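Observations on the three-dimensional arrangement
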Amino acid sequence: MPGAVSVTASLKPSASPAPIMEMPMVEIEHLSLWYGTKIALKDISMSIPKHRVTAYIGPSGCGKSTLLRCLNRMNDLVDGVRIEGSIRMGGTDINDPGLDVTDLRKRVGMVFQKSNPFPKSVFENVAYGPRILGVRNQSDLEGIVERSLKGAALWDEVSDRLRDSALGLSGGQQQRLCIARAIAVEPDVLLMDEPCSALDPIATAKIEELMLDLKNSYTIVIVTHNMQQAARVSDHTGFMLLGELVEFGVTRQLFTNPREKQTEDYITGRFG
Amino acid sequence: MRTRVRRIFASGEPFIWLTGGALTLSLLLVAGLIGLILYNGLGFFWPRDVLRATLADGKILTGQIVDREPVPGAVDQHRIKLKVANRDLYGADFQWVDEKQITRREYPPDIAVIERTEWGLLIGVLKEVRDGGRPVAVGAGATWDEVQRRLPEAARVRREIQRIETDAIGVVNAQQEKIRLRLKGLELRGIGQGPEAEALRAQLAPLQEKYALEEARLVALRTSQSATVVVVADGGKEKELPLSQVVDVRFPNAMSGVAKSAYYAGRVWEFVADDPRESNTEGGVFPAIFGTVMMVLIMSIVVTPLGVLAAFYLREYARQGAFVSAVRIAVNNLAGVPSIVFGVFGVGFFIYLVGGSIDRFFYPEALPTPTYGTGGILWAALTLALLTVPVVIVATEEGLAAIPRGAREASLALSATKLETTLRVVLPAVMPSILTGLILAMARAAGEVAPLMITGVVKLAPALPLDGTWPFLHMDRKFMHLGFHIYDVGFQSPNVDAARPMVFATTLLLLLIVVFLNLFAISMRNRLRRKYATSAV
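Rules used in this analysis
- Residues numbered from 1 in each chain as written.
- Chains lettered and ligands numbered in written order.
- Predicted model: local features only at pLDDT ≥ 70, side-chain atom pairs only at ≥ 80, totals over all residues.
- Helix = DSSP H or I, 4+ residues; strand = E, 2+ residues; numbered from the N terminus.
- Rg over C-alpha atoms; globule rule 2.2 N^0.38 Å.
- Buried ≥ 20, exposed ≤ 12 C-beta atoms within 10 Å, placed from the backbone.
- Contact = placed C-beta atoms within 7 Å.
- Pairing = 2+ DSSP bridges.
- Core = buried A, V, L, I, M, F, W, Y, C linked by C-beta atoms within 7 Å.
- Axes fitted to C-alpha atoms, helices over the stretch in contact; angles between N-to-C directions.
- pLDDT = per-residue confidence, 0-100.
- Expected span 1.5 Å × (residues − 1).
- Parallel < 35°, antiparallel > 145°, perpendicular 65-115°, else oblique.
- Left-handed = near helix turned anticlockwise from the far one by under 90°.
- Nonpolar A, V, L, I, M, F, W, Y, C, P; charged D, E, K, R; others polar.

1. Quick word on the overall build of chain A
- Helix and strand content of chain A: 11 helices and 10 strands.
- Taking 272 residues into account, the globule formula puts the C-alpha radius of gyration at 19 Å, and chain A, at 19 Å, falls close to it.
- Dimensions along the principal axes, computed over C-alpha positions, put chain A at roughly 60 × 45 × 35 Å.
- Evaluated residue by residue, chain A yields a buried proportion of 48% over its 272 residues.

2. Describing the overall build of chain B
- A tally of helices and strands in chain B yields 15 helices and 13 strands.
- Expected size for 537 residues packed as a compact globule is a radius of gyration near 24 Å; at 31 Å, chain B overshoots this value by more than 25%.
- Over its C-alpha atoms, taken along the principal directions, chain B stretches across nearly 100 × 90 × 40 Å.
- Out of the 537 residues belonging to chain B, those deemed buried represent 30%.
- For chain B, restricting intrachain contacts to residue pairs at least 6 apart in sequence, the fraction spanning at least 24 positions comes to 68%.

3. A few points about the interface of chain A and chain B
- Between chain A and chain B, the residue contacts involve 20 residues of the former and 18 residues of the latter.
- Contributions of two or more residues to the side of chain A that touches chain B are made by helix 3 (101-107), strand 6 (108-111) and helix 4 (122-132) of chain A.

4. Focus on helix 4 of chain A
- The buried count for helix 4 of chain A comes to nine of 11 residues, which makes it a mostly enclosed element.
- Residues of helix 4 of chain A that are buried include every one of Val 122, Glu 124, Asn 125, Val 126, Ala 127, Tyr 128, Gly 129, Pro 130 and Ile 132 of chain A, and no others.
- Elements in contact with the buried residues of helix 4 of chain A: helix 5 (138-151), helix 6 (155-158) and helix 7 (171-183) of chain A together with helix 12 (418-447) of chain B.
- Where helix 4 of chain A ends, the next residue or the one after it, Gly 134 of chain A, has phi of about 100 degrees, a positive value.

5. Quick look at the pairing of strand 8 (residues 134-138) of chain B
Residues and elements named next belong to chain B.
- As judged from the four bridges shared by strand 7 (residues 122-131) and strand 8, these two strands associate in the antiparallel manner. Pairing of Glu 128 across the sheet is with Val 138, part of strand 8.
- Taking the residues that link successive antiparallel strands as the turn, the strand 7-strand 8 hairpin has two residues, and the phi of Gly 132 there is positive, at about 60 degrees.

6. Quick look at the nonpolar core
- Membership of the largest hydrophobic core comes to 146 residues, with the highest contact counts inside it found for Leu 190 of chain A together with Ala 381 of chain B.
- Among all residues touching Ala 381 of chain B, those that are not within four sequence positions of it are Met 295, Ile 298, Met 299 and Val 302 of chain B.
- Within the second largest apolar cluster, 23 residues are counted, among which are Leu 82, Val 84, Val 113 and Leu 122 of chain B.

7. Structural notes on the sheet that holds strand 2 (residues 60-70) of chain B
All names here are of chain B.
- In space, the five strands of this open sheet follow the order 4-3-2-1-5, with antiparallel pairing throughout. Across the chains shown, the open sheet's two edge strands, defined by having one partner strand only, are strand 4 (94-98) and strand 5 (102-106). Ignoring which end each strand starts from, the neighbouring axes of this sheet average 45 degrees apart.
- Sheet topology note: the strand 1 (residues 51-55)/strand 2 ladder contains four bridges and is antiparallel. Note that in strand 2 the partner of Arg 52 across the bridge is Thr 62.

8. A word on the confidence of the model for chain A
Residue and element names in this part refer to chain A.
- Predicted confidence across chain A gives a mean pLDDT of 84, with 92% of residues reaching 70 or more.
- Within chain A, no element has a lower average pLDDT than helix 1 (residues 7-11), which sits at 38, and none a higher one than strand 8 (residues 219-223), at 92.
- Taken together, the stretch residues 1-18 has pLDDT below 50 and engages in 27 contacts with residues farther than four places along the chain or on a different chain.

9. Description of the environment of Asp 100 of chain A
All names here are of chain A.
- Topologically, Asp 100 is positioned in the loop between strand 5 (92-93) and helix 3.
- Its 11 C-beta neighbours within 10 Å are what place Asp 100 among the exposed residues.
- Considered as a pair, Asp 100 and Val 145 are 45 residues apart in the sequence and their alpha carbons are 26 Å apart.

10. Some points on the sheet that holds strand 2 (residues 38-49) of chain A
All names here are of chain A.
- Strand order across the open sheet formed by four strands is 2-1-4-5, with antiparallel pairing between neighbours. Of all strands in the sheet, those bounded by a partner on one side alone are strand 2 and strand 5.
- As judged from the two bridges shared by strand 4 (residues 81-89) and strand 5, these two strands associate in the antiparallel manner. Opposite Met 89, over in strand 5, you have Thr 92 as the bridge partner.

11. Observations concerning helix 2 (residues 13-43) of chain B
- The end-to-end C-alpha distance of helix 2 of chain B is 43 Å, a good match for the 45 Å that 31 residues give at a rise of 1.5 Å each.
- The buried fraction of helix 2 of chain B amounts to one of the 31 residues, a small share that puts the element mostly on the outside.

12. With respect to the confidence of the model for chain B
- Per-residue pLDDT for chain B has a mean of 85; in total, 99% of the residues score no lower than 70.
- Interface scoring of the predicted complex returns ipTM 0.83; its pTM is 0.80.

13. Here's the deal with the environment of Glu 157 of chain A
- Within the secondary structure layout, Glu 157 of chain A lies in helix 6.
- Distance from Glu 157 of chain A to Arg 69 of chain A, taken between C-alpha atoms, is 31 Å for residues 88 residues apart in sequence.

14. Observations regarding unusual backbone geometry
- Non-glycine residue Asp 43 of chain A carries a positive phi angle of around 45 degrees.
- Tracing the backbone through its elements, the reader meets Asp 43 of chain A in strand 2.
- The phi dihedral of Trp 119 of chain B is positive, around 70 degrees, even though this residue is not glycine.
- Position of Trp 119 of chain B relative to the elements: it lies in the loop between strand 6 (111-116) and strand 7.

15. Digging into the packing of helix 8 (residues 322-334) of chain B against helix 10 (residues 377-402) of chain B
All names here are of chain B.
- The N-to-C vectors of helix 8 and helix 10 enclose an angle of 130 degrees; their axes lie 8 Å apart at closest approach. Regarding the angle of helix 8 to helix 10, the classification is oblique. The two elements helix 8 and helix 10 cross, and the hand of that crossing is left-handed. For the pair helix 8 and helix 10, contact is made by Val 331, Asn 332 and Leu 334 and by Pro 390, Ile 393 and Val 394, respectively.
- Of the residues belonging to the contact of helix 8 with helix 10, the class tally is five nonpolar, one polar and no charged.

16. Some details on the packing of helix 7 (residues 286-317) of chain B against helix 12 of chain B
Residue and element names in this part refer to chain B.
- Across the interface, helix 7 lies against helix 12 with an axial gap of 9 Å and an inter-helix angle of 135 degrees. Taken together, the axis directions place helix 7 and helix 12 in an arrangement best described as oblique. Between helix 7 and helix 12 the crossing geometry is right-handed. Contact residues: helix 7 offers Thr 292, Val 296, Met 299, Ser 300, Val 303, Thr 304, Gly 307, Val 308 and Glu 316, while helix 12 offers Thr 422, Ile 434, Gly 437, Leu 438, Ala 441, Met 442, Ala 445 and Ala 446.

17. Observations concerning the environment of Arg 52 of chain A
Residues and elements named next belong to chain A.
- Along the chain, Arg 52 turns up in the loop between strand 2 and strand 3 (53-57).
- Residue classification places Arg 52 among the buried positions, given that 20 C-beta atoms sit within 10 Å.
- On a C-alpha basis, the gap between Arg 52 and Val 189 in space is 10.0 Å, while along the polypeptide they are 137 residues apart.
- Apart from residues no more than four positions distant in its own chain, Arg 52 is found in contact with Glu 22, Lys 215, Thr 219, Asp 235 and His 236.

As structure tokens, this is what we get:
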């Protein structure tokens, strides 16, 4: 397997579009990002296929979370961020200054590394997004909450304590609640920033199973430290290093037959 | 030797002793202060026994022992301080007596201690009751029966007189003043004659009639009070006291422990619920309690939104940098400006500038008498709000800084705007910190005296800032305040010795009010904390 990578392959430009022939949900072209004067993402181009799980792997600080946060413009919150290139979603550039960022975030939900339920009841957590979007009718809200909790495979565990504080749930339940909260507004894309890094193996397994269910309805982009996880759940994987997308391709191929030397070194544990 | 010393230090033991010692010292000082206040304040209301001391030269002194101390310069000798009262008869309330000179001590049960509306306590033996100059009951027993029979009626009449003076006549006066001001306002606009002015003048006549009627009732009530009680004090001095001035008669030497306790409770209630008498040295402090609490509440209503909004801008919207840091330092240092400086600012800005302008635009007819252009509860509360706003800003800012980033991001990622995030996520989470700031601010405001002295506190306010006449809440009125009351009674009163226990009692009350206000705010904060506990991760 290691020997399968040719020297010429590693000399190819890292930003070469990956040969993925599926319907793209998000298209990233020549994306670069600076924090002040420090460059964090270098000329990244790729497309994220619809209704698939796309994973980013790479060592800490390689820019995979930054790339993920570009997709719902969470980087706007950071002072001194500069972005070049384009990210197109359904034909519009999401970095267009005329675009309402709240509209974008309606379409792109996010689940964070640390589960961060609001200090409110389970019900209110899930109903938060719909309420923001203007759903007032109580029975509508109840329907949305039930559907979302079922979608996040949490309904059976919390249906009898919807009015209790969400902070009383276990870590894994809290993370699934965050997923339910994100899908309550029915986004097109679901971003997951290392969603299992703080969870035990059983809770992790539940969330991975959930992701395989969710990809029928949502396009999922996940950042993970855990290569086995990427191998288990994702259809496509991108390997990032020092702000560059070194390799992007079908997961099975990337793990069994990487084109790049650096990818191979990383997945075989030579660094990272 | 050196290694031993080093080992002791390395063990950490001395540091534990040092920290523990510092805590103990602070606690002891505070406990001592509170103990002193409790001892002096609570003892004030206890009906002490009355001692009749016969001196070596045959003189008799009757009074309550309030103090005992060694005679300066003499060995093993003590002297006692007697409260002989009867200020109008003897000229002084207190007398020092060397114990050595006392040949006989007794506690006769027939000595009456009479509380009256003027001149402080009267201590002596009841002799007779007179009505219109004729004796109707003679002898201690008969006099006491007669006094008991007549006292409730006298008290009722006294209350009625007070009601007419303050309420009935007060209302008529207020209405007359209002009409007078409206007439003056018409004159200022150059229509001093005409139907409108005539209509107003026509309203004055019935008011004057009403006034005369109430006045007549007052006179009738006053003259109906012809009964007097005669009391014999030390040295055979007699005092004829109108029964209408008697508040309460008691015989401490004949009272049982239970009776004394009941009396004690009554006195405490009177202290809390009654108006002051005798230039604040007697009676209660109710107006001061009311003024303090109300001023603190108005201040809270002003300072909370102001401080919270300022903190939100500083932490949530302002670009963090040198300028914001400088503002933050300045805000923190504001808390160190002497409070009297805030008072001076309050006088210059609120009273003269803002109040003066309000008077010119809205109350020109009352000028030159100022309405808002003089000290009042509103200006005092605003001045204190200014004084305490740094506390609220600092506490709120710290609360905002402690909210995990994840909470805000979660909300923003759900397509909430920054404003929606602030209102739905940040504000509930920061609520406990806001209340912490408010608790500190209220404690500071309740104890502050200096700025109030020049912005609206008075020794004796004729009316509460809240009453039954329109517009009910009189923000322009001057008010009484417990802190100032302490200063006034303790240092400005004509009879400091007699008033001193009152100082401690008032201090105790002020402490209790601050504790009560704080407990209320703390319980609210704890409820919010449980409700909006920020996530553990």
